[in-house]
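Take a look at the letters that make up each chain.
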Amino acid sequence: MNKLKNKLLVQQNISIQELLKKFNSTGRKTLIVIKNNILKGTITEGDARRALIKKKKLKSDISRIYNQRPKFLFQKNYSDSKAKKLLLQFTLDTLPVVN
């Protein structure tokens, strides 16, 4: 589980180019953005694509293109049914669970 968790995490200050490499290596469509091990948001391949279409440079960091208000669950309130409800209600493929 820890390996999977680390695969899904990216730092808030990485470049779009590094982000694209991470998407490529993980095969995921959504990654979790963190800073100092704190959830900051989520970012999708579509977010990166839209940034490039808007002429953002590959070397630009992702700090202005990720979703800064992600859906998430607190670990103490987690249940499979709550997670499933959120995933279906908001058509999510990744749902962070935080302490």
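Our subject is the structure listed above.
Cut-offs applied
Residues numbered from 1 in each chain as written. Predicted model: local features only at pLDDT ≥ 70, side-chain atom pairs only at ≥ 80, totals over all residues. Heavy atoms only, no water. Buried < 20%, exposed > 50% of the residue type's maximum accessible area, 1.4 Å probe, protein only. Helix = DSSP H or I, 4+ residues; strand = E, 2+ residues; numbered from the N terminus. Pairing = 2+ DSSP bridges. Right-handed = clockwise from strand over helix to strand, strands pointing away.

Peer 1: Quick question: what am I supposed to make of the pairing of strand S2 (residues 30–35) here?
Peer 2: A regular strand places its side chains so that they alternate between the two faces of the sheet. With respect to burial, S2 is a largely interior element, five of its six residues being buried. As defined by bridge partners, strand S1 (residues 9–11) adjoins S2 across three bridges and the pair is classed as parallel. By the bridge assignment for S2, Leu 9 is matched with Ile 32. In this view, the connection linking S1 to its parallel neighbour S2 by way of helix H2 (residues 16–26) has right-handed handedness. Where S2 lies against strand S3 (residues 38–44), six bridges are found, and the strand directions are antiparallel.

Peer 1: What should I look at first to understand the environment of Arg 49 in this one?
Peer 2: Note on placement: Arg 49 falls in helix H3 (residues 45–53). Note: C-alpha distance between Arg 49 and Lys 22 (27 residues apart in sequence) is 14 Å.

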